[in-house]
Structure formats: structure tokens, C-alpha cells
Amino acid sequence: MLYLDHAATTPLRPEARAAMAPYLAGDFGNPSGLHAISRHARNALEGARDEVAELIGAARSSEIVFTGGGTEADNLAVLGRALRTRGSVVTTAVEHEAVLAAAQYAARIGCDVHIAEVDEQGRVDPASVAAQCGPDTAIVSVMAANNETGVRQPVPDVVAALRSLDFSAPVHTDAVQAVISEPLDVAALGADLVSIAAHKFGGPKGVGALYIRDGIELDPVVHGGGQELGRRSGTHNVAGIVGMAAALRATVAGRAGFCESVAFERDTFEATLAAAIPDVEFTAEPGIRLVQHSHFRVPGIDAETLLIRLDAAGIAASAGSACHSGAMEISHVLAAMGRTPQEAREAVRVTFGWTTVPGDGKRAADELAAIVESLR
Amino acid sequence: MKVLVAMSGGVDSAVAAALLVERGHDVVGVTLKQWETEDGRMPTTGCCTVSDANDARRVAAQLDIPYYVLDYVAEFTAAVVDRFAAEYMAGRTPNPCIECNRRVRFRALLQRATQLGCDHLATGHHARVERRNGRYRLLRGADRRKDQSYVLHMLTQPDLARVVLPIGHLTKARVREEATRLGLNVAGKPDSQDICFVEGDYRDFIRTHEPAASRPGRIVDLAGVEVGRHAGTVDYTIGQRKGLGIAAGEPRYVVDIQPATSTVVIGRRDDTLVEGCVVEQLSWTDRPHHGQVDVQVRYRSPPVTARIDGTTVRFADPVSGVAPGQSAVFYSGDEVLGGGVIAGVLR
């Protein structure tokens, strides 16, 4: 089995599993209680919060809100701001569905929504994002890197463009994919809200975090007991949160080496593929993609067929973002980049991760080339 | 052998897949996504829904076979859905299941099976394929009340050589027993009935897609004399007796519908009887036939004796309820000889 779908999810890191183990056994407390068992859980929770805050360069631990994952973090950022001010929502055509669907919902409750277009490489122009904003804008959401293509967005430039026009709207970025391989320092990034999801970087599923810069106000989207300073109710997923912090620490500690080895595998994969299949078309320049992402199409061959053949050969890849029914849908990201529906149907995503070992890139490319040859 | 199984999420195709696995074949399950809501998702009501795909996925997981949902929305919409409304407006009564089998299920999917390295394609249809002397025969399903050979008549020798129908020799009751024995969670799932892409009443689908079908118009007799008015041809079917709103001495029946001019033609019982029909898109499961056959002019009508001469079919006794757009399927006993789409009737 060769797993090359790390952008969908990646195996749990041993550091995360070890950190979680006590909280799946004896340390079962609810952090919101007053007794000793609760205090123990509370300490673990707040320790994890300190750790996440430190690892992403947050000024205060209270700027970290734990959520039930990346989608919930995105919803809290976009809808939380829209609900609070009822102002406009500005985002891009290539955002994750969690942001786009939240923006659509904001439109249903009466907010203006403006979507900035992207170029054929999938990059947004900071000036065009700023041009969609106004004094009443509730939130601007621009992802750090795209989950399908891996293309990075110039988030600091978006922030600068906004501020140069004297717009004070908070900027949110979905850093769910980017945090895997890009340094995440909220001060340098300039974003006011940042989403991450544990399972993308070796933590458990069902837990994420939203960084909310001190002073940014938003309404909750999950109501209840008022946990997380009223910003996200619900009993804490202590084991998950502790696991996320441990996974993030391991990710940050190993990032330089990870980027070097994964970039080598990715580049070998693409070079081997290009040599064997001369008409293979990579979706964007490698330089603007995350190092772990490859995204391409083989003209005339549906991704569906290719992926099923790869699956039979023991190689797991994907066609962009997975969806509810399991069927592939035409990617809104590729449509926004001006690709035809047929081109979008042919797009395949191969993503490397922390369990990738030397030789994986070459092996995957050789197998893929053999399948393409048999289909042609 | 390696077999691609089309799984709808229902009990028949689940048992079909399970029986193939039990016989030791290398089985791959697929569900065709044929229809989607406006935001590109699978529908949540009607047939071919997300929950049907989830049922199929559960069965595949129980059987430990690979399972995929394949996107055939574009093919299905063009070949079946758009034609359904267009054919209706041309005064025909289309059978979308047959068009789907002809153009999507057994054409696109057989091609896909090859690409996926599968020699055979299996479905949960109630019909049988029998090999005899190197030729393949398509036969009625063992459960006569569930027989689906009518909708498979377009299969030809190269198709039949690759098509496997694992439950055709079982009654529906036996299929459910097998599902229970195999512990499949769809054992008690009700049968699907409707046209799969139509949610509720097919008339609503036509009303939406062809507004002209709900234009008011004339009800005329066979001489062309107006005898009443109607609120839209979509409310009528050929052979219909009730609800015509015409006061006459003896019962009146719909004998023809002309949506293009919003005209419904009615007549006496005898006027609904036709002597024969002409077919198009004629195909044969094996060699072409001439002379006497049994013919079935609707999915659930009893077969009648007829003679075939080229594309002309003459019934031994006049038949009522023959509607252009439906298929005339030819049988010899249990064996499907072939069939075609009824293009016109002979009075």
C-alpha cells in the first residue's frame, strides 16, 4: 500500500498517540468541573492551548479556540463575524467548501458576499480582494494554500492591500493544508483569524483550532455551556486537543527535514511522470505549490478510471476534495482557474506526507505511467 | 474472473455481488451517480440517492470488495433525461429505463469495465443469460412477476458474452432470503418503483421541463371534432378511460396524444385497438427473426402473438394500449429474441 492522499488525512503521529493515551484511559475528567479530576483535565487542556499558541506565534493563549475540526473553525471565523456585524463577507473562488458554504449561508441571512476571482494558476490578486471590501466588511477570508492544487495565496499581501486602503476588516485564513509544510507565524502572516485541523498534520480527527487575534469579536456558531470564553460551547475533547498540540509540536520540529525529503519525492514523481507521459499537464508551477502537493491531468483519461486502477494497484490518490457521496464532482477550484469540465474530470491529486519514504515518488510515477500506457 | 457489479443500493444487486464473491470471483462494486441536485450533490429523495449509495457502500464493505461511485450525470442527462421530455413532446411515451440501459448502463459501463480490467459486468436484474453451443441466450427471470428481461432486450451477443445476471434464477423471495442468510443490511429494503430521476410524479417532471405540456387544449374525436377541453396533455395517457370529463353514451378512451398541438384524441374501445406497429432501433440478441413471435408492447403487459416482417409487427389479434415510444420486445417462449422502439401504430 502506497498512501499518497495525505492532504485528505494523514496517519496519527506516535507523539500524538502517546500524548493522548492517558486521556483515553484514567484521565477522563471534564475540564469544566471544580474537583481534582477536572482540574487535571483542565491542566492538560490549558497546557495544550499554551503549546498551540506558542507554536503559531500567538501573543496570548486565550487567542486559541478549540473546535471540532477545520470546517468548524472556518465556520466560526466566517459566520461568527457575519453574525456579529451583519457586514459583507469577502472571499475567493477557490476557498474550501467550509468557507464558501459558510459565506453562502451568510448571504442567506442577508449579508453581502463578494467573491474574488483567481488567475489560471489559481492565485488571487491582493488588490482585487481589497477592491471587493468596504468599511462595513465583516470578514475577508483567503486561504493560505489550496487543498486541491496546493497553490499558496499571498495572505500577507492581502492584509497589506486592505490596510493600505484603510479597511480594518479582520482577515481570516484557512491554513489547514499550509501548516503541514509552511512556517505558521500569525504575527508575520498578519491574519487575524487562522484555522487549523489536527488530522492533517498527524493529530486525531474531529479536532481543530481557530486563532482569533485579541480584540476581534465574533458570535458563536455552537451555543451551549459557554466553554472557550463563550466562543465555542461543548465539553472539551481533551484527548483530541492534547493530541493536536503534540502533533503540531512534532510537525514544527520536523518541518525543515520534512520539506526537504517530501520536495525531493514530489519532484522525482513529477519528473518521472513527465518523462513517461509527455503530455501530462501539471496544474500550477511547482514553485507556487506546497511542497507536498502534486496536481495534474493526463489528457483523455478520466481521473475516475485512473484512481480506481491506482487503488487496485495499492496506491491511494484522489481527485481533489472528497465529497459526501464519494462520487467526484467537478471541482469549483479548477472551474475558477478556467479549466473546462473535461479537464477538471481528468485532474488527479497526489499528496506526500510524514510517512512518505525515499522511493515513493518514483514508484508511484512508474505505476501511474504503466496504467496510462495500458489505457491508451 | 474479475467482475464489475453495478450496485444500486437495493437488495437484488447486493445479493448479486454477494453471490459472485461467494463463488470466489474478484468483484468490484460501483454505483452510478446519474442524477444530481442543482448544487451537484446526489439527491436525498427518490431513487439513486445518497442513502442508496451509502447502502451499496455498506454492502461492499460487508463483502470486503472495492467500491466506487462513478459520475455518469452528463451521459445520463443527455441520453435519458433530456430525451424523456423531448420524446414526450413528440407524442411518445418513452421508457427511460430502456434508454438508460441502451446508452448508459450497458454501453458506457461495459466500456468502463474494460478500462478497469474487468472481463464481466454484473447487475441485479431479474433475467438470465444462458450459454449454449457458443451462443448466448437472454431469458426471462425465474420470478415472472419481477421479470426484467423486457428492459434488457437491446443486449447483443458481444454484450451477453460479458453480462452476468447472478440473481435471475431466483425468486424475489429467495433473493431476500439470501440477503438475510448473508447478513446484508438491505435484506428488508423495499423495492424501488419510480423512474429513478423523477421525484414523485413523472408528470411534474414533464410540467417543469416542458411547460407546453400543461397548455390547455382541445379534446377531439377521431373525426377531429372538438368534444371538450383539457388543462394539459400531460394529464393523459394512451388507453386512459377515467377522468376525461366527456359525457358520452358509451365509455371513451384516449387513443392519441399530440402535445405539439395540445390535442387529446378520444375514441371508443374499438378505436384503441391496433393491428400492428412499426419499430425503430431494432436489435436482436442473436440472429434476426422473421415470422411468428410473442411480442410484449409494455413492460408489464402479457405477451401476444405477432408476425414480424422487417420492422413491421402485425398482431394476430388487435391489441390496445400500444404507445409509440414504448418498446416492442420479441420473445420465443422464455427467450428474448430482440426488440425495438415503437415508432407508429397500424390501425
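Here the residue numbers are simple positions, counted from 1 along each chain's written sequence. Labels are handed out in written order, letters beginning with A for the chains and numbers beginning with 1 for the ligands. pLDDT decides what is reported in this predicted model: residues at 70 or higher carry local features, side-chain atom pairs at 80 or more are listed and counted, and totals for whole chains, interfaces and linings draw on all residues regardless.

K.L.:
Provide a residue-level description of the overall build of chain B, including the pertinent values.
P.N.:
Of the regular secondary structure elements, chain B holds eight helices and 17 strands. Among the 347 residues that make up chain B, the fraction classed as buried is 46%. Two residues qualify as a contact pair if the distance between their C-beta atoms, derived from the backbone, is within 7 Å. Here the contacts in chain B between residues at least 6 apart in sequence split such that 62% fall between residues at least 24 apart. Strands are runs of DSSP state E lasting at least 2 residues, helices are runs of H or I lasting at least 4, and numbering of each runs from the N terminus. For every residue, the other C-beta atoms within 10 Å of its own C-beta are counted; 20 or more classify it as buried, 12 or fewer as exposed, and values in between as partly exposed. C-beta atoms are placed from the backbone.

K.L.:
Report on the sheet that holds strand β7 (residues 193-197) of chain A, specifying residues and quantitative values.
P.N.:
All names here are of chain A. The sheet built from seven strands is open, its strands ordered β2-β8-β7-β6-β5-β3-β4 with mixed pairing. Looking at the sheet topology across the chains shown, the edges are occupied by β2 (64-67) and β4 (113-116). For this sheet the average axis-to-axis angle between neighbouring strands, irrespective of direction, equals 20 degrees. At least two bridges found by DSSP between two strands is the condition for calling them paired. For every element, the axis is a line fit to its C-alpha atoms; helices are fit only across the contacting stretch, and the angle between N-to-C directions ranges from 0 to 180 degrees.

K.L.:
Before we move on, can you summarise helix α4 (residues 96-105) of chain B with the specific residues and values?
P.N.:
Residues and elements named next belong to chain B. Where burial is concerned, most of α4 is hidden: seven out of the 10 residues are buried. Among all positions in α4, only Pro96, Ile98, Glu99, Cys100, Asn101, Arg102 and Arg105 are buried. Contact partners of the buried residues in α4: β1 (2-6), α3 (73-89), α5 (108-115) and β16 (327-332).

K.L.:
Break down the nonpolar core for me, with residues and values.
P.N.:
Take the buried Ala, Val, Leu, Ile, Met, Phe, Trp, Tyr and Cys residues, join any whose C-beta atoms are within 7 Å, and the set you get is a nonpolar core. Judged by nonpolar contacts, the single largest core of 216 residues is most densely connected at Val242 of chain A together with Val5 and Ala17 of chain B. Considering each element in turn, this core owes the most residues, 14 residues, to helix α8 (residues 238-276) of chain A. Not counting the four nearest positions on each side in its chain, alanine 17 of chain B is found in contact with Val5, Met7, Val27, Gly29, Val59, Leu63 and Ile65 of chain B.

K.L.:
Give me the lowdown on the confidence of the model for chain B, citing residues and values where you can.
P.N.:
Known as pLDDT, the predictor's confidence for each residue is given on a scale from 0 to 100. Scored by pLDDT, chain B has a mean of 89; 93% of the residues are at 70 or more. Note on the complex model: pTM 0.84, ipTM 0.77.

K.L.:
I'd like a description of the sheet that holds strand β10 (residues 293-297) of chain A, backed by residues and values.
P.N.:
Residue and element names in this part refer to chain A. Reading across from one edge, β9-β10-β12 is the order of the three strands in this open sheet, with antiparallel pairing throughout. On the outer flanks of this sheet lie β9 (281-282) and β12 (347-351), each paired with one strand and no other. As judged from the five bridges shared by β10 and β12, these two strands associate in the antiparallel manner. Residue pairing for β12: histidine 295 is matched across the bridge by arginine 349.

K.L.:
Tell me what's going on with the packing of helix α2 (residues 36-55) of chain A against α8 of chain A, and back it up with residues and numbers.
P.N.:
All names here are of chain A. Contact pair α2 / α8: the axes reach a minimum separation of 9 Å and the direction vectors enclose 30 degrees. Between α2 and α8, the angle is such that the two are roughly parallel. In terms of crossing hand, the pair formed by α2 and α8 is left-handed. Residues Ala41, Ala44, Leu45, Ala48, Glu51, Val52 and Leu55 of α2 form the contact with α8, whose participating residues are Val238, Ile241, Val242, Met244, Ala245, Leu248, Arg249 and Val252. When residue character is reported, Ala, Val, Leu, Ile, Met, Phe, Trp, Tyr, Cys and Pro are called nonpolar, Asp, Glu, Lys and Arg charged, and the others, Gly included, polar. Residue classes in the contact of α2 with α8 are distributed as 13 nonpolar, no polar and two charged. Here the word oblique covers every angle except those under 35 degrees (roughly parallel), over 145 (roughly antiparallel) and from 65 to 115 (roughly perpendicular). In this scheme the crossing of two helices becomes right-handed for a clockwise turn of the near helix relative to the far one and left-handed for an anticlockwise turn of less than a right angle.

K.L.:
If you had to explain the environment of tryptophan 35 of chain B to someone new, which residues and values would you point to?
P.N.:
Following the sequence through the fold, tryptophan 35 of chain B ends up in the loop between β2 (26-33) and α2 (50-63). Distance in space between the C-alpha atoms of tryptophan 35 of chain B and alanine 74 of chain B is 8.6 Å, their sequence separation being 39 residues.

K.L.:
Lay out the pairing of strand β3 (residues 67-71) of chain B in plain terms, naming residues and giving numbers.
P.N.:
All names here are of chain B. Extensive coverage of β3 is indicated by the burial of five of its five residues. Burial of β3 is two-sided: the residues Tyr67, Val69 and Asp71 facing one way and the residues Tyr68 and Leu70 facing the other way are all buried. Sheet topology note: the β2/β3 ladder contains five bridges and is parallel. Residue pairing in the sheet places leucine 32 in a bridge with leucine 70 of β3.

K.L.:
Which residues make up unusual backbone geometry, and what are the values?
P.N.:
Residue and element names in this part refer to chain A. Of note in the backbone geometry, arginine 86 takes a positive phi value of approximately 60 degrees without being a glycine. Here arginine 86 is to be found in the loop between α3 (70-85) and β3 (89-92). A residue is classified by how many C-beta atoms lie within 10 Å of it, and arginine 86, with 14 of them, is partly exposed. Positive phi outside glycine occurs at leucine 229, with the angle close to 55 degrees. Among the structural elements, leucine 229 can be located in the loop between β8 (208-212) and α8. Owing to 10 C-beta atoms within 10 Å, leucine 229 belongs among the exposed residues under this scheme.

K.L.:
So what's going on with the environment of proline 11 of chain A? Which residues, and what values?
P.N.:
Residue and element names in this part refer to chain A. Within the secondary structure layout, proline 11 lies in the loop between β1 (2-3) and α1 (14-24). Look at proline 11 and you get partly exposed, because 14 C-beta atoms sit within 10 Å. For proline 11 and phenylalanine 201, which are 190 residues apart along the polypeptide, the C-alpha to C-alpha distance reads 8.4 Å. When residues no more than four places from it in sequence are discounted, the contact partners of proline 11 are Gly202 and Thr355.

K.L.:
An account of the pairing of β1 of chain B is needed here, citing residue identities and associated values.
P.N.:
All names here are of chain B. Counting buried residues along β1, four of its five residues qualify, which places the element largely inside the surrounding structure. Relative to β2, β1 runs parallel, the two being bridged by five bridges. Each residue of the ladder has a partner; that of valine 3, found in β2, is valine 27. The pairing of β1 with strand β4 (residues 120-122) spans three bridges and is parallel. Among the inter-strand pairings, valine 3 is bridged to a residue of β4, identified as histidine 120.

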